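A closer look at the structure
Below, each chain spelled out in residue letters.
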Amino acid sequence: MPGLLLRTLRGENAAERPVWLMRQAGRYLPEYRQLRAEKGGFLALVYDTDAAAEITLQPIRRFGFDGAILFSDILIVPYAMGQNLEFLAGEGPRLSPKLVDSSLEALSAVPERLSPIYETVTKVRAGLGSGRTLLGFAGSPWTVATYMVAGEGSRDQHVTRALAYRDPQAFQAIIDAIIAVTVEYLAGQVAAGAEAVQLFDSWAGSLAPSEFERWVIAPNAAIVTALRRRFPELPIIGFPKGAGEKLPAYARETRVDALGLDETIDPLWAAKALPEGLPVQGNFDPLLLEAGGSEIDIQARRILDAFADRPHVFNLGHGIGQHTPIEHVEQLLALVRGWRRP
């Protein structure tokens, strides 16, 4: 029988709620920090398939989450498209050549850079056991493009937004290329054992409404359509962080199977505004989880109660912070696992 998470993503409104946390495999865990100290840098860990599988499974062993999300990075796609990728300590990822200065045609694809990720998926699936769902993922085209164009992350995506306005035809070519690779990448993850996938659009909130339609909704819809042709039963979670009032349109037009909500979304508003019966995921504030206290229980109950009438995966509104105490996670899980739909 499929696990609770998979059933929920397929539309079942069970009495209890499945739970997993974005970035649950990461730096807040002492076992992760130990392994990273032994193995070296982040990219080395991603490409060490034994280490990546072990990291993916660490939070499952410790907390028993209903889902395991692949340990990897959204920038594996541009890396496979031919950009150079490095992670600088204290500064984050860097891609070169920057597409603001160079053409897409200058890149030479290296598709074999995706193969180790599929191997990790296979190893995780073998070690995960039954009843828990293995989640694959990729970055959505707009967010991936912001890194490819600027060569790094930024607060307002100024360089990429300007290019999209200045030369929409050239930018559309970048988006189309990302869509094509992302579809193959996610299909490869599913073939290797992923049972559901999530599309992370971390910078979706930086766009004006018309640009959101063009660079967020349309590309994600294209990916969903292509994946659904190959895998009709595959649940696809869309997570357009910062989308706000544009979430209902995103849900309807992309036709994702479930919608991830960031911590700025009022769950009572979302429960009324989103398409009826659409599974939702979220949206506990990661900073509250780090801060701790009785407010954890208060806000967790508020979210659970707001979504009592629709399928709901309890999760954070974004990734867990590296300084989050383990006991705060345990407190949250005790509350969620003790809740039952009225």
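What comes next is a walk through the structure. Residue indices follow the written sequence of each chain, beginning from 1 at its first position. Side-chain atom pairs in this predicted model are given and counted only at pLDDT of 80 or more, local residue features only at pLDDT of at least 70, and totals for whole chains, interfaces and linings cover all residues. To obtain the side-chain values, all non-hydrogen atoms of the structure were used and water was disregarded.

1. Regarding the sheet that holds strand 1 (residues 67-69)
Our working definition: The pairing criterion is simple: DSSP has to find at least two bridges between the two strands. Numbering of helices and strands starts at the N terminus; helices are DSSP runs of H or I of at least 4 residues and strands are runs of E of at least 2. Every angle, taken between N-to-C directions, lies between 0 and 180 degrees, and every axis is a line fitted to C-alpha atoms, over only the stretch in contact when it is a helix.
Read across the sheet, seven strands follow the order 1-4-5-6-7-8-9 without closing on themselves; strand pairing throughout is parallel. With partners counted over all chains shown, the strands left at the sheet margins are strand 1 and strand 9 (312-316), one partner each. Mean inter-strand twist for the sheet, computed between neighbouring axes without regard to direction, equals 25°. Bridge count for strand 1 against strand 4 (residues 133-139) is three bridges, and the pairing is parallel. Looking at strand 4, one finds that Gly67 is bridged to Thr133.

2. Considering the pairing of strand 2 (residues 84-88)
Sheet analysis places strand 2 next to strand 3 (residues 92-96), joined by five bridges and oriented antiparallel. When the sheet's bridge partners are listed, Leu85 is paired in strand 3 with Leu95. The loop that links strand 2 with its antiparallel partner strand 3 comprises three residues; one of these, Gly90, has a positive phi angle of about 80°.

3. Here's the deal with the pairing of strand 9
Our working definition: Partly exposed describes any residue whose relative accessible area lies between the buried limit of under 20% and the exposed limit of over 50%, with all areas from a 1.4 Å probe on protein chains only and scaled to the type maximum.
With five of five residues buried, strand 9 is to be regarded as a mostly interior element. Burial along strand 9 is two-sided: the face carrying His312, Phe314 and Leu316 and the face carrying Val313 and Asn315 are both buried. Sheet topology places strand 8 (residues 280-284) next to strand 9; five bridges connect them, and they run parallel. What sits directly across from Asn283, in strand 9, is Asn315.

4. Regarding the side chain of Ser72
Spelled out, the test is: Only heavy atoms matter for contacts: two residues are in contact if any of them lie within 4.5 Å across the pair.
Of note, Ser72 is situated in the loop between strand 1 and helix 5 (76-81). Discounting chain neighbours no more than four positions away, the residues touching Ser72 are Phe42, Val46, Ile117, Phe137 and Tyr185.

5. Side note on the environment of Ala15
If you trace the backbone, Ala15 turns up in the loop between helix 1 (4-9) and helix 2 (30-39). The exposure class of Ala15 is partly exposed, given its relative accessible area of 31%. It is 8.6 Å that separates the C-alpha atoms of Ala15 and Ala308, two residues lying 293 residues apart in sequence. What Ala15 contacts, discounting residues up to four positions off in sequence, is Trp339, Arg340 and Arg341.

6. Points about the side chain of Thr160
Note that Thr160 resides in helix 8 (residues 158-166). A relative accessible area of 1% places Thr160 in the buried class. Beyond its immediate stretch of four places on either side in the chain, Thr160 contacts Trp142, Ala145, Thr146, Val149, Ala150 and Phe171.

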